[in-house]
Amino acid sequence: MHDDRTLVESRLKRVLDERIRPAVYPESVPLEVGIWTAPGEPVPVAEGLAAPRTPIAVGDAWGAPWGTSWITVTGTVPEAWAGRTVEALIDLGFDANMPGFQCEGLVYRPDGSPVKGLNPQNQWVRIAAPAAGGEQVLLHVEAASNPVILDYHPFLPTELGDRETAGDRPQYKLARMDLAVFDETVWQLVMDLEVLGELMAELPVEGPRRWEILRAVERCLDAIDLQDVNSTAAAARSQLEGVLAAPAVPSAHRISAIGHAHIDSAWLWPLRETVRKVARTTANMTALLEDEPEFRYTMSQAQQFAWIKEHRPEVYARVRKAVAEGRFVPAGGMWVESDTNMPSSEAMARQFVHGKRFFLDEFGVENHEAWLPDTFGFTGGLPQIIRNAGSKWLLTQKISWSQVNRFPHHTFLWEGIDGTRIFTHFPPVDTYNCSMKGSEIAHAARNFKDKGVARHSLAPTGWGDGGGGTTREMVAKAARMKDLEGSATVRWENPAEFFAKAEAEYPNPPVWVGELYLELHRATLTSQARTKQGNRRSENLLREAELWCTTAALRTGAAYPYEQLDRIWKTVLLHQFHDILPGSSIAWVHREAEATYAALAGELEGLIGAAQRALAGAAAGGRELVFNAAPHTRSAVPAGGAAAVVMPGGTCEAVERSGGGFTLRNGLLEVVVDADGLIASVVELATGRETVAPGSRANLLQLHPDFPNMWDAWDVDQFYRNTVTDLTGTDSLTASSSPAGASVRIARSFGSSTVVQTLTLRAGEQRLDIDTEVDWHETEKFLKAAFPLDVHTERYAAETQFGHLHRPTHTNTSWDAAKFEACNHRFVHFEEPGWGVALVTASTYGHDVTRTVRAEDGGTTTTVRFSLLRAPRFPDPKTDQGLHRFRHALVPGAAIGDAVREGYRIGLPERTVTGSAERVAPLVELDNDALVVSAVKLADDRSGDLVVRVYEAGGGRARGRLTTSFPLADAVPCDLLERPWDGTRGEVAFEDGAVRLALRPFELVTLRLRATA
């Protein structure tokens, strides 16, 4: 037989595009359209429905950036259409290639009840099936004219990302506004041909199945009368019945499809718009669930459920009904799909506490999976947190975006820093917006790396980010691929059903140990410094507020602010969403975040101050008490308690050097600051050990050009290092000293910016504090602070949640080299046997580490550089412009325990309160500094029980005794949700009125303590 394959395939494409798809709606009449534009922010539904309308026609412009227009369509079903299916076609001016990133609409009935969302791939509204002739049609559309930020030429700077700068030029033109007859037979024919055509293109040319499909398609096309598609569609479909009925081979890959619409809680739109995106999508999905009995849909992020509960209760009622039926599935058990690299230990734990508790309280649903398809890499501390939250599975897809190394598994056990293992799946479909194309399904089967030992994978299916979720077309395609020869099989299944099957079939999966590092989006550790500082400050203030409010409640009977702390925690957790905290959202989002953090800080400072005044007896007396919220004793003030001021002994001096610069001394360290204001030497006096590498200078500010190939706010590409400017010029260099400390102040200017740094040695402290103030006005530049250390080590420690992880200082492998920018929490630590050095930070996360061997003496220089500021222009063209303040510290002679202690200390300064009390005893005390208290709070169930979270911080086994300053009746190990839990791997025993602990490396334990009545 002659090879006419290309001819038939080309014929299929043209006939589908030009004849069959247009015949889905064979008859139509125009609708009448009116519009009212809200003058400012979105208005309540009742107001939008009642507002007067002005006529508008197809082709007319509408929609200023970020505006809301209420569009009303009216019409009458022609008598001739009686008994047929009728739909309204409402095209707001959509671009079909940009679902989720442009205008959107939510359709309402005249009574204000929602119908469904309108999106580029979902423009229809069912009127009646069958319709009655003469039936009146009246629908209202709340239309959001969200501007296109990420356009066909991506990453171009735009002022559209903030309502304050976006202007008022209309963004869209109304397109089709019709009533139309819907021919379901033709639509089904389209689905048949799309599935078979897409499958055919994925099959080997030499295989018989491809040719069987080709001949069936040819017969189908022959059966169609191109001048009368509607009358011949049924006959054409009959030619495809045989090839559509052929079952899949027994070894076919098995795909569990789950309806999904990944909705970023903020990104290229503000938070307020996400509320409406969620409402549109959930209205769509609950409607689709009613129409399609096999369909299942999942939505993560408890915050998004809470939004529709508050703002769209009528939609939420439909969601609750579908959840109760088991078909609308809350997933993930987190408050939002957060970043996991930067949130603190407690914040990461609270993501699960608040997320899981919401789903339990609202729906009686307990999640066992963490659902993070789009998060930018995963900390090694996460598996233990997932397990302690009562979950056991993780889904993500983002690691497939890595630039250099392909991850070797799709289903595996992920082992965290403490040894906890979590069953983990990366969907081989390589998207969390699967649309059921044949190419996607075939890619999932081919790409699956665990073939031969496993055969199940997951496919999150639907348009995300306001694209409207799963479509009826996707459901129809999945039905045809349920059992189809040549294709993977597709079933709609809940995430838990998938994980149970995948786990059962793969009892001994491979293990990946340590962090899941994303080789992309590394600059999100630095972009939008104010957002990151607001997050860190909020985390610290929340620790203090819980500690002191709990202490005041138990000591003085003060009311514990349950509701206020709950609300503040949820606000902080929301802003840890993976496009807010990482700094990759539009200007509007970060402007609001800065204001929100400031307001939260005011509230938390008020709670802390009131609690401390009550504890100090501030109403009378003039004694100064120092409160210590850190988990270690300092200056004789116990952790979690308060005591009288203890001034450290010693002398501090700043001596001018003959060649310029100054020498600082405090009896513990000697620091040489040269004439350029750089640190030439830091000597630990007790050992005589030099910290700074010979021939190098520390605290060197370095400026790089920063113009990545794409994803400006997200990425820093390795070639940025090729060009660097050392900032060595000084405008002024001065010193000062007092018994309490000695300082050097250095002022510099560069480009359009200025920087002032203050280096301080304090009495009694083996630590050099570095305060940096930058007035930043650069564009597409990257500012770093370099510390070349005289330390030979092949690895270093970086703090993460409930411990630290080690990364190499070398680039032996492509995996090592790809980690050229990485995350730390409060410290990085470098150590040779017997001596180490820590660098701690109050609010920065990004850093890089390199090593060289010196020609002069053969020694190793290990350089760590903290990332301070960037200046990308997309999506916020004014990223980080203005004034910033940073605090770091250099700690020579530091063991890992010292790094932990100083890391806490830099973010939790002592507070002094005047009152009558002599001392405030800590509620709990531990006799081993390797055991660190991360939280002290009252139980969320308001029982009055004390909840204390403890972890082993050094990476070794640690024993200790936890005592309380009140009679203790019982101590029960709990999960993060404060429920009794037997998952502790170490020893926890209540005996003699105290708690004996023996924890394994980095082990986390939550204790519920009940006082004697």
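Student: Explain the overall build of the protein chain to me, please; I cannot follow it from the model alone.
Tutor: Assigned secondary structure in the protein chain consists of 19 helices and 53 strands. Relative to its length of 1013 residues, the protein chain is compact, with a C-alpha radius of gyration of 31 Å against a globular reference of 31 Å. Overall size of the protein chain, expressed as C-alpha extent along the three principal axes, is 100 × 70 × 60 Å. Relative to its full complement of 1013 residues, the protein chain shows a buried share of 62%. Long-range contacts, defined here as pairs at least 24 residues apart, represent 74% of the contacts in the protein chain between residues at least 6 apart. Counting only carbon and sulfur atoms, one obtains 51% of the accessible surface of the protein chain, whose full area is about 35700 Å². Positive and negative side-chain charges in the protein chain, numbering 103 and 131 respectively, have mean positions lying 2 Å apart.

Student: Sorry if this is basic, but what is going on with the pattern of salt bridges here?
Tutor: Oppositely charged side chains can form a pair if their charged atoms are brought close together. This model, assessed by the stated rule, comprises 89 salt bridges. Note that Glu485 and Arg209 form a salt bridge whose closest N and O atoms lie 3.8 Å from each other. Here Glu485, found in the loop between α13 (472-480) and β21 (489-492), pairs with Arg209, found in helix α4 (residues 208-223); they are 276 residues apart in sequence, far enough to count as distant. Across the salt bridge formed by Arg901 and Asp898, the nearest N and O atoms sit 2.8 Å from each other. Here the residue Arg901 and the residue Asp898 both occupy positions in helix α19 (residues 896-907), the gap between them amounting to three residues, near one helical turn.

Student: Would you mind going over the packing of helix α3 (residues 184-202) against α13 with me for this structure?
Tutor: The geometry of a pair of packed helices is captured by two quantities: the angle between their axes and the separation between those axes. Where α3 meets α13, the axes come as close as 10 Å, and the angle between the chain directions of the two elements is 60°. Relative to α13, the element α3 lies oblique. Like other packed secondary-structure pairs, α3 and α13 cross with a definite hand, here right-handed. Residues Trp187, Gln188, Met191, Asp192, Glu194, Val195 and Glu198 of α3 pack against Arg472, Glu473, Ala476, Lys477 and Arg480 of α13. Looking at the contact of α3 with α13 residue by residue, the class counts come to four nonpolar, one polar and seven charged.

Student: So what exactly am I meant to see when it comes to the sheet that holds strand β52 (residues 994-999) here?
Tutor: Hydrogen bonds between backbone atoms are what pair the strands of a sheet, whose relative direction is either parallel or antiparallel. In spatial order, the strands read β46-β49-β52-β51; together these four strands make up an open sheet with antiparallel pairing. Only two strands of the sheet have a single partner each, and these edge strands are β46 (924-926) and β51 (987-991). Each strand of the sheet is rotated relative to its neighbour by a mean of 20°, with strand direction disregarded. Taken together, the five bridges between strand β49 (residues 958-964) and β52 define a ladder with antiparallel strand orientation.

Student: I keep staring at the sheet that holds strand β37 (residues 795-800) and nothing clicks. Help me out?
Tutor: Spatially, the nine strands line up as an open sheet ordered β32-β33-β34-β35-β44-β41-β40-β37-β38, and their pairing is antiparallel. Strand pairing shows two members of the sheet lacking a second neighbour, β32 (732-738) and β38 (803-808), which therefore form its edges. Geometrically, the sheet is characterised by an average inter-axis angle of 20° between neighbouring strands, direction not taken into account. With nine bridges joining them, strand β35 (residues 768-776) and strand β44 (residues 882-892) adopt antiparallel strand pairing.

Student: Honestly, the pairing of strand β7 (residues 104-108) in this entry has me stumped. Any pointers?
Tutor: When a strand is regular, its side chains alternate between the sheet's two faces. With five of five residues buried, β7 is to be regarded as a mostly interior element. In terms of strand pairing, β7 meets strand β10 (residues 136-145) through five bridges, oriented antiparallel. If you follow Val107 over to β10, its bridge partner there is Val141. With three bridges joining them, β7 and strand β8 (residues 114-118) adopt antiparallel strand pairing. The residue of β8 that forms the bridge with Tyr108 is Pro114. What sits between β7 and β8 in their antiparallel hairpin is a turn of five residues, with Gly112 showing a positive phi close to 90°.

Student: Explanation requested: the pairing of strand β26 (residues 662-665) in the structure shown.
Tutor: Pairing of strand β25 (residues 653-656) with β26, which is carried by four bridges, proceeds in the antiparallel orientation. Bridge pairing in β26 places Val655 opposite Thr663. Between β25 and β26, which pair antiparallel and follow one another directly, the connecting turn spans five residues, one of which, Gly660, has a positive phi of 105°. Sheet topology places β26 next to strand β27 (residues 669-673); four bridges connect them, and they run antiparallel. Counterpart to Phe662 in the pairing with β27 is Val673. Counting the residues in the hairpin turn of β26 and β27 gives three residues, including Gly667, whose phi is positive at 85°.

Student: Sorry, what's going on with helix α10 (residues 345-363) here?
Tutor: An α-helix turns once every 3.6 residues. As a result, residues three or four positions apart point the same way. With 19 residues, α10 should cover 27 Å at 1.5 Å per step; its first-to-last C-alpha distance of 27 Å lies within 8% of that length. Along α10, 16 of the 19 residues are buried, which leaves the element largely enclosed by surrounding structure. Note on α10: the residue one or two positions beyond its end, Gly364, has a positive phi of about 70°.

Student: Help me out: how do you make sense of the packing of aromatic side chains in this one?
Tutor: The geometry of an aromatic ring pair comes down to the distance between the two centres and the angle between the two planes. Using the criterion set out here, one finds 40 aromatic pairs in the structure. Summarising the aromatic geometry, the rings of Trp267 and Trp269 are spaced 5.9 Å apart at their centres and angled 70° between planes, so their arrangement reads as edge-to-face. A residue is classified by how much of its surface remains accessible, and Trp269, at 2% relative accessible area, is buried. Summarising the aromatic geometry, the rings of Phe358 and Phe363 are spaced 6.4 Å apart at their centres and angled 75° between planes, so their arrangement reads as edge-to-face. Across the pair, exposure class does not vary: Phe358 and Phe363 are buried alike.

Student: I'm lost on the packing of helix α8 (residues 302-311) against helix α9 (residues 313-324) in this one. Help?
Tutor: The geometry of α8 relative to α9 is characterised by a closest axis approach of 6 Å and an angle of 130° between their N-to-C directions. Classified by the interaxial angle, the pair formed by α8 and α9 is oblique. In contact with Phe305, Ile308, Lys309, Glu310 and His311 of α8, α9 contributes Pro313, Tyr316 and Val319. Class assignment for the residues of the contact of α8 with α9 results in five nonpolar, one polar and two charged.

Student: Would you take a moment to explain the environment of Arg911 for this structure?
Tutor: Take Arg911: it is sitting in strand β45 (residues 911-915). Considered as a pair, Arg911 and Ala629 are 282 residues apart in the sequence and their alpha carbons are 8.7 Å apart. Within polar-contact distance, the side chain of Arg911 engages the side chain of Glu544 at 2.7 Å. In terms of polar contacts, Arg911 uses its side chain to reach the side chain of Glu605, at 2.9 Å.

Student: Looking at this structure, I do not really get α9. What am I missing?
Tutor: Spanning twelve residues, α9 covers 16 Å between terminal C-alpha atoms, matching the ideal 16 Å at 1.5 Å per step. Those residues of α9 not exposed but buried are Val315, Tyr316, Val319, Ala322 and Val323. For α9, the arc enclosing every buried residue in end-on projection is 120°, short of the 170-degree limit, so these residues lie on one face. Turned more than 90 degrees away from the buried face of α9, the exposed residues are Lys321 and Ala324. Turning to α9, the residues buried within the fold contact β8, α7 (271-291), α8, β15 (328-330) and α10. Downstream of α9 by a residue or two, Gly326 has a phi angle that is positive, lying close to 80°.

Student: Help me understand the environment of Val572, please; the structure alone is not making it clear to me.
Tutor: One can find Val572 in helix α16 (residues 562-574). Placed 97 residues apart in sequence, Val572 and Leu669 show a C-alpha to C-alpha distance of 39 Å. The contact partners of Val572, leaving out residues within four places of it in the chain, are Asn535, Ser538, Leu542 and Leu600.

Student: In this structure, what is going on with unusual backbone geometry? I would like to understand it.
Tutor: Peptide bonds are trans in most cases, and residues, glycine excluded, mostly fall at negative phi. A cis amide bond, omega 5°, links Ala129 with the succeeding residue Pro130. Among the structural elements, Pro130 can be located in the loop between β9 (124-128) and β10. Residue Pro875 follows Phe874 across a cis peptide bond; omega there is 5°. Here Met436, not a glycine, exhibits a phi torsion of approximately 65°, which is positive. Checked against the element boundaries, Met436 lands in the loop between β19 (421-425) and α12 (438-447). The backbone of Asp880 shows a phi angle near 65°, a positive value even though the residue is not glycine. Here Asp880 lies in the loop between β43 (860-870) and β44. Residue Asp880 is classed as buried on the basis of its relative accessible area, which comes to 2%.

Student: What exactly am I supposed to notice about the side chain of His575 here?
Tutor: Examined against the element boundaries, His575 turns out to sit in the loop between α16 and α17 (587-616). For His575, a relative accessible area of 4% translates into the label buried.

What counts and what doesn't
- Residues numbered from 1 in each chain as written.
- Predicted model: local features only at pLDDT ≥ 70, side-chain atom pairs only at ≥ 80, totals over all residues.
- Heavy atoms only, no water.
- Helix = DSSP H or I, 4+ residues; strand = E, 2+ residues; numbered from the N terminus.
- Rg over C-alpha atoms; globule rule 2.2 N^0.38 Å.
- Buried < 20%, exposed > 50% of the residue type's maximum accessible area, 1.4 Å probe, protein only.
- Contact = heavy atoms within 4.5 Å.
- Areas by Shrake-Rupley, 256 points an atom, 1.4 Å probe, with all protein chains shown as cover.
- Lys, Arg positive; Asp, Glu negative; His and termini not counted.
- Charge placed at Lys NZ, Arg CZ, Asp CG, Glu CD.
- Salt bridge = Lys/Arg side-chain N within 4 Å of Asp/Glu carboxyl O.
- Axes fitted to C-alpha atoms, helices over the stretch in contact; angles between N-to-C directions.
- Parallel < 35°, antiparallel > 145°, perpendicular 65-115°, else oblique.
- Left-handed = near helix turned anticlockwise from the far one by under 90°.
- Nonpolar A, V, L, I, M, F, W, Y, C, P; charged D, E, K, R; others polar.
- Pairing = 2+ DSSP bridges.
- Expected span 1.5 Å × (residues − 1).
- Phe/Tyr/Trp six-rings, centres within 6.5 Å; stacked < 30°, edge-to-face > 60°.
- Polar contact = N/O pair within 3.5 Å; in protein donor to acceptor, adjacent residues only side chain to side chain.
- Arc of directions from axis to C-beta.

The values are spatial; any link to function lies outside them.
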